[in-house]
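Notes for the structure review
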Amino acid sequence: MNLPKVVIKDNFSDYLDGKEVKAAFISQTKDQAWPGEHVMAFKDAIAAGTNLTVPKSQQSHYIGIEGTITEVVNDPAANSTKFVKVKKT
(Lines give C-alpha, C1' and ligand atoms only; values in the text may rest on other atoms or scores of the structure.)
Protein backbone atom coordinates (compact mmCIF):
# COMPACT_ATOMS: atom_id res chain seq x y z
CA MET A 1 0.00 0.00 0.00
CA ASN A 2 1.42 3.36 -1.05
CA LEU A 3 0.27 5.99 1.48
CA PRO A 4 0.65 9.76 0.97
CA LYS A 5 3.68 11.08 2.85
CA VAL A 6 3.65 13.95 5.34
CA VAL A 7 6.33 15.62 7.46
CA ILE A 8 5.47 16.43 11.07
CA LYS A 9 5.95 20.17 11.65
CA ASP A 10 5.23 20.05 15.40
CA ASN A 11 7.07 18.02 18.03
CA PHE A 12 7.58 14.49 16.68
CA SER A 13 7.57 13.06 20.21
CA ASP A 14 4.05 14.42 20.70
CA TYR A 15 3.00 12.54 17.56
CA LEU A 16 4.57 9.33 18.90
CA ASP A 17 2.67 9.86 22.17
CA GLY A 18 -0.62 9.87 20.23
CA LYS A 19 -1.27 13.63 20.24
CA GLU A 20 -2.67 15.52 17.26
CA VAL A 21 0.06 17.50 15.44
CA LYS A 22 0.42 19.69 12.34
CA ALA A 23 1.99 18.14 9.25
CA ALA A 24 2.68 19.08 5.63
CA PHE A 25 2.52 16.86 2.57
CA ILE A 26 5.96 16.08 1.13
CA SER A 27 4.61 15.88 -2.38
CA GLN A 28 3.13 19.12 -3.67
CA THR A 29 1.01 17.11 -6.11
CA LYS A 30 -1.49 16.19 -3.38
CA ASP A 31 -4.63 18.15 -4.31
CA GLN A 32 -7.20 16.65 -1.97
CA ALA A 33 -7.01 15.45 1.62
CA TRP A 34 -9.81 14.49 3.97
CA PRO A 35 -10.25 13.48 7.61
CA GLY A 36 -9.90 9.74 8.06
CA GLU A 37 -7.34 9.34 5.26
CA HIS A 38 -4.27 7.33 6.27
CA VAL A 39 -0.81 8.84 5.71
CA MET A 40 2.80 7.88 6.38
CA ALA A 41 4.29 10.48 8.75
CA PHE A 42 8.00 11.27 8.98
CA LYS A 43 10.09 13.36 11.35
CA ASP A 44 11.00 16.74 9.80
CA ALA A 45 14.61 16.02 8.87
CA ILE A 46 16.77 16.15 5.75
CA ALA A 47 16.30 12.38 5.46
CA ALA A 48 12.56 12.77 4.91
CA GLY A 49 12.85 15.00 1.88
CA THR A 50 15.78 13.60 -0.11
CA ASN A 51 16.78 10.43 -1.90
CA LEU A 52 20.32 10.56 -0.49
CA THR A 53 21.66 7.69 1.58
CA VAL A 54 20.93 8.30 5.25
CA PRO A 55 23.80 7.78 7.75
CA LYS A 56 23.16 4.81 10.04
CA SER A 57 23.03 7.10 13.10
CA GLN A 58 20.17 9.08 11.53
CA GLN A 59 18.11 6.23 10.05
CA SER A 60 15.42 6.57 12.71
CA HIS A 61 14.60 9.96 11.10
CA TYR A 62 13.64 8.15 7.91
CA ILE A 63 11.20 5.66 9.41
CA GLY A 64 7.58 6.56 8.72
CA ILE A 65 4.84 5.97 11.29
CA GLU A 66 1.31 5.54 9.95
CA GLY A 67 -1.23 8.11 11.03
CA THR A 68 -4.70 9.40 10.24
CA ILE A 69 -5.67 12.88 9.11
CA THR A 70 -7.97 14.44 11.71
CA GLU A 71 -8.37 17.89 10.13
CA VAL A 72 -7.44 19.71 6.93
CA VAL A 73 -5.90 23.09 7.74
CA ASN A 74 -6.84 25.89 5.34
CA ASP A 75 -3.95 28.34 5.48
CA PRO A 76 -4.01 30.90 2.63
CA ALA A 77 -0.48 32.04 3.56
CA ALA A 78 0.90 28.54 2.97
CA ASN A 79 1.11 29.05 -0.82
CA SER A 80 0.91 25.59 -2.42
CA THR A 81 1.77 23.60 0.72
CA LYS A 82 -1.15 21.51 2.03
CA PHE A 83 -1.21 21.32 5.85
CA VAL A 84 -3.20 18.81 7.89
CA LYS A 85 -3.56 17.71 11.51
CA VAL A 86 -2.60 14.06 12.02
CA LYS A 87 -2.70 11.57 14.85
CA LYS A 88 -0.82 8.27 15.12
CA THR A 89 -3.00 5.33 14.15
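Residues numbered from 1 in each chain as written. Predicted model: local features only at pLDDT ≥ 70, side-chain atom pairs only at ≥ 80, totals over all residues. Heavy atoms only, no water.

This next bit is on the sheet that holds strand β1 (residues 5-8). Taken in spatial order, the five strands line up as β1-β2-β5-β4-β3 and close into a barrel, and their pairing is mixed. Strand after strand, the sheet turns through a mean of 50° between neighbouring axes, direction not considered. Pairing analysis gives three bridges linking β1 to strand β2 (residues 21-25), with the strands arranged antiparallel. When the bridges of β2 are listed, V7 appears paired with A24. (Pairing = 2+ DSSP bridges. Helix = DSSP H or I, 4+ residues; strand = E, 2+ residues; numbered from the N terminus. Axes fitted to C-alpha atoms, helices over the stretch in contact; angles between N-to-C directions.)

On to the environment of V7. Within the fold, V7 resides in strand β1. Between the C-alpha atom of V7 and that of F25, which follows or precedes it by 18 residues, the distance is 6.3 Å.

Right, let's get into the pairing of β2. Among the five residues in β2, four count as buried, and that is most of the element. Where β2 lies against strand β5 (residues 83-88), four bridges are found, and the strand directions are antiparallel. Counted as the bridge partner of A23 is V84 from β5. (Buried < 20%, exposed > 50% of the residue type's maximum accessible area, 1.4 Å probe, protein only.)

Okay, the nonpolar core next. Within the largest apolar cluster, 13 residues are counted, with the highest numbers of intra-cluster contacts made by V6, I8, Y15, F25, I69, V84 and V86. Counting residues per element, this core draws most heavily on β2, at three residues. Among all residues touching I69, those that are not within four sequence positions of it are F25, A33, W34, P35, G36, E37, V39, V84, K85 and V86. (Core = buried A, V, L, I, M, F, W, Y, C linked by side-chain atoms within 4.5 Å. Contact = heavy atoms within 4.5 Å.)

Following the criterion strictly, the structure yields two salt bridges and no others. Of the charged contacts, one joins K9 and D44 as a salt bridge, the two residues approaching to 3.3 Å between their closest N and O atoms. Within this pair, whereas K9 is found in the loop between β1 and α1 (12-16), its partner D44 is found in the loop between β3 (38-43) and α2 (46-49), the two being separated by 35 residues in sequence. What makes K9 partly exposed here is its relative accessible area of 42%. Between D14 and K19 there is a salt bridge, with its nearest N and O atoms 3.8 Å apart. In this structure K19 comes out as partly exposed when scored by relative accessible area, which is 45%. (Salt bridge = Lys/Arg side-chain N within 4 Å of Asp/Glu carboxyl O.)

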